[in-house]
Amino acid sequence: MPKTQYYTATSVDGFIADPDNSLDWLFQADSRGEDRFAPFFAGVGAFAMGSTTYEWVLEHELLLDQPQKWHDYYGDRPSWVFTHRDLPAIPGANITFVSGDVRPVHAAMTEAAGGKNVWLVGGGELVGSFADHGLLDEIILGVAPVTLGAGKPLLPRRLLSDRLQLVELERVGHFAYLTYSVTGPARR
């Protein structure tokens, strides 16, 4: 059965981006070992991200000047960007800009995924909205050997152990990968 998954990297102290919304810290972390992302992404049929994540990728990868990079990374998979602002579209990319309630968007993403998984790229607040409505099935964390001290939290929600079950633990180089199944709607 397809899952809605939050696959992300996090610092040891629970941040997915630094106070400047940058992910540069992640690329400085030694990620020696097998590539866990490629097999994960092979099972993804659609994905979503927040506007801050989209803008960082857009700028960091120079995607408006080199739109082919988006296709190289993500293929033709349909994607959704949650935003309340007008953002530039990447030429040729299958991106839908949306705002508001995640439930109808999740339904559209699930249908577009064609029996494959839905990936929630981030940020944490967006993923929290999916969890609030019981639409998050799994959290996959790549814990990097880094502390940031401040930044954007991994998942700014209260998810207690009655909702999270550790189903896999793996060491890859200096990273720890933790996979949790998620049940029920979030309690605030």
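Anything mentioned here points back to the structure above.
Read on for a plain summary of the structure. What you see is a predicted model, and the numbers here were worked out from it, not measured in a lab. (Residues numbered from 1 in each chain as written. Predicted model: local features only at pLDDT ≥ 70, side-chain atom pairs only at ≥ 80, totals over all residues. Heavy atoms only, no water.)

Bringing the nonpolar core into the picture now. Grouped together as the largest cluster of nonpolar side chains are 28 residues, with contacts concentrated most on Phe 47, Tyr 54, Trp 70 and Trp 119. Where this core is concerned, the elements lending two or more residues are β1 (4–11), α2 (37–42), β3 (44–50), α3 (51–60), α4 (68–74), β6 (117–122), β7 (138–144) and β10 (175–182). Aside from chain neighbours lying at most four places away, what touches Phe 47 is Phe 41, Trp 70, Tyr 74, Arg 77, Pro 78, Ser 79, Trp 80, Met 109, Trp 119 and Val 121. Counting 27 residues, the second-largest nonpolar core is a separate cluster that includes Tyr 6, Met 109, Leu 120 and Leu 155. (Core = buried A, V, L, I, M, F, W, Y, C linked by side-chain atoms within 4.5 Å. Buried < 20%, exposed > 50% of the residue type's maximum accessible area, 1.4 Å probe, protein only. Helix = DSSP H or I, 4+ residues; strand = E, 2+ residues; numbered from the N terminus. Contact = heavy atoms within 4.5 Å.)

So, on to the side chain of Glu 138. Relative to the assigned elements, Glu 138 resides in strand β7. A relative accessible area of 8% means that Glu 138 is categorised as buried. Engagement of the side chain of Glu 138 in a polar contact is seen with the side chain of Lys 3, the distance being 3.1 Å. (Polar contact = N/O pair within 3.5 Å; in protein donor to acceptor, adjacent residues only side chain to side chain.)

Turning to the side chain of Thr 83, a few remarks are in order. The topology assignment puts Thr 83 in the loop between β4 (79–82) and β5 (95–98). Of the polar contacts made by the side chain of Thr 83, one reaches the backbone nitrogen of Arg 85; its length is 3.0 Å. Residues within four places of Thr 83 in sequence aside, it is in contact with Ser 51, Phe 97, Val 98 and Ser 99.

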